[in-house]
Amino acid sequence: MSDSSSPQPQPGKPGGAGGYARPESGALVLCGARLADGRTVDVRLSGGRIEAVGTAGSLAPQGARVDLVGYLLLPAPAEPHAHCDTALTADSDGPASGSPEDVQRRTTEAALLQLGHGATASRSHVRIGDVQGLRSLEAVLQARRSLRGLADLAAVAVPRVLTGVAGADGLAMLRDAVKMGASVIGGCPDLDPDPAGYVETVLELAGEHGCPVDLHTDGDDPARLARFAAMSGGLRPGVALGPCAGMARMPRSVAARVAEQLAAAGVAVVCLPQGDCTGLERYGSRVSRPAPVRLLRAAGVQVAAGSGALRDVANPVGRGDPLEAAYLLASLGEATPEAAYETVSSAARATLSLPEVRVEAGFPAELLAVRGERIAGVLSLAYSRIVIHRGRVVARTSAVREYCDSAAEVALELPRQSQR
């Protein structure tokens, strides 16, 4: 189905929307795009950045062009919380294969699905230790290398236990994971016998290597969250917690106090509007509401929204679609459509320590064009999309809706379904 009855240009043709050919001159002009503020503009891209933005028809194409009439042009989303190594395993007969080849295949496919939805960058949490050791991480890092030029993928090393005698092996493996190329240190302190000790260990190691921290927690214990915030304050390049759905079950006054503590410490929160993920190991107990986004944002907390599970044991129908995460936040009343989109775009990019993107000259050419006129509309009916990464079109989704013959079709001039 399509959200438009307009004829769809064919991929690969010089003037078609979403042609994949690299611009011969190194420049690409996006023609007739609508911006969120209502302006219709041309945008010239070059060298992976936005070179110029002008009124429609003002930028003569110097190479390839993409016709974006009828499309809303936005900063591209990012996926701040994925589990690509376990994605697409919900239909497996028995335990999912953990072979490096299968993990790499699943990771690549999941990242490409997310890219098709618009996420040009993603952060994937990978369990280390246990039977798998570092094999899953190695496979994810190999997938990251194979995706270079299409999408940016960061790997988060997630050990199970880090304290006591049992935690010695986990700590050693975590150090090896960072040396291998894991760029973020993660984990789930809720699963460790000593959650505070777990966090302390992670923060110390992150400080040694200058790595960001991204931890799983349900966030249902205000005292524990307050302690996490106190321990994390000032760490650079930053700390994120998620999904923190437990905060939605706290009395509002308690949650507001915790939110203020997180904001003061500069801790970001990554919520999962679609439900829990494999990191919390609470299969079959999907949460009814995500973290209280409106309350957290009011306190000054940077809130990003992620997809979490993508058709795995934690959520067999996950889509890995940032726009669906934004749609759910807006539909639940946790954010306006515009603020909801910020959680999957600017806030998600900031949480991933990525450069800011605006549709202005000088900013990175990380863009998403969605057929529609306003953000609320595209969150509702975001079928046709064109994804731009580092200044070139890397993915295109086009859908066409047609109707069979009827009086309504004639009256409303709807597109007719072809007869065969």
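On a predicted model such as this, the values are computed, not experimentally measured, just so you know. (Residues numbered from 1 in each chain as written. Predicted model: local features only at pLDDT ≥ 70, side-chain atom pairs only at ≥ 80, totals over all residues. Heavy atoms only, no water.)

1. Structural notes on the nonpolar core
- Within the largest apolar cluster, 75 residues are counted, with the highest numbers of intra-cluster contacts made by Leu137, Met247, Leu262 and Leu296.
- What Leu262 contacts, discounting residues up to four positions off in sequence, is Leu225, Ala229, Leu241, Met247, Val267, Val269, Leu296 and Val301.
- Counting residues in each nonpolar core, the second largest holds 21 residues, with Leu30, Ile50, Val357 and Phe363 among its members. (Core = buried A, V, L, I, M, F, W, Y, C linked by side-chain atoms within 4.5 Å. Buried < 20%, exposed > 50% of the residue type's maximum accessible area, 1.4 Å probe, protein only. Contact = heavy atoms within 4.5 Å.)

2. Focus on the pattern of salt bridges
- One pass over the full model with this rule turns up 17 salt bridges.
- Among the salt bridges present, the one from Glu360 reaches Arg358, with a minimum N-O distance of 3.9 Å.
- Note on Arg358: relative accessible area 37%, which makes it partly exposed.
- The residue Glu373 makes a salt bridge to Arg374 at a minimum N-O spacing of 3.6 Å.
- Residue Glu373 is classed as exposed on the basis of its relative accessible area of 52%.
- Bridged by salt links that share partners, the residues Asp102, Arg105 and Glu109 form one connected network. (Salt bridge = Lys/Arg side-chain N within 4 Å of Asp/Glu carboxyl O.)

3. Focus on the packing of helix α5 (residues 222-232) against helix α6 (residues 252-265)
- Look at α5 against α6: their axes get within 8 Å of each other, and the N-to-C directions meet at 10°. Comparing the axis directions of α5 and α6 gives the class roughly parallel. Read as a crossing pair, α5 and α6 show a hand that is left-handed. Taking contact as the criterion, the partners of Pro222, Leu225, Ala226, Ala229 and Ser232 in α5 are, on α6, Val254, Val258, Gln261, Leu262 and Ala265. (Axes fitted to C-alpha atoms, helices over the stretch in contact; angles between N-to-C directions. Helix = DSSP H or I, 4+ residues; strand = E, 2+ residues; numbered from the N terminus. Parallel < 35°, antiparallel > 145°, perpendicular 65-115°, else oblique. Left-handed = near helix turned anticlockwise from the far one by under 90°.)

4. Some thoughts on the state of the cysteines
- Using the criterion set out here, one finds zero disulfides in the structure.
- Lacking any disulfide linkage, Cys277 is separated from the closest cysteine sulfur, that of Cys188, by 8.3 Å.
- In this structure Cys277 comes out as buried when scored by relative accessible area, which is 1%. (Disulfide = S-S within 2.5 Å.)

5. A short note on the sheet that holds strand β9 (residues 184-187)
- Here we have eight strands laid out as an open sheet, ordered β6-β7-β8-β9-β10-β11-β12-β13, and parallel in their pairing. Whereas interior strands pair on both sides, the edge strands pair on one side only; in this sheet they are β6 (79-82) and β13 (303-305). On average, each strand axis in the sheet is inclined to that of its neighbour by 25°, with strand direction left out of account.
- Direction of pairing for strand β8 (residues 152-158) relative to β9: parallel, over a ladder of two bridges. Each bridged residue has a counterpart across the sheet, and for Val156 the counterpart in β9 is Val184.
- This element, helix α2 (residues 135-146), spans β7 (121-127) and β8 of the sheet and lies at about 170° to β8. (Pairing = 2+ DSSP bridges.)

6. Observations concerning the confidence of the model for the chain
- Looking at the chain as a whole, the pLDDT averages 89, with 88% of positions reaching at least 70.
- Every residue in residues 1-25 is under pLDDT 50, and counting partners more than four places away or in other chains gives 58 contacts. (pLDDT = per-residue confidence, 0-100.)

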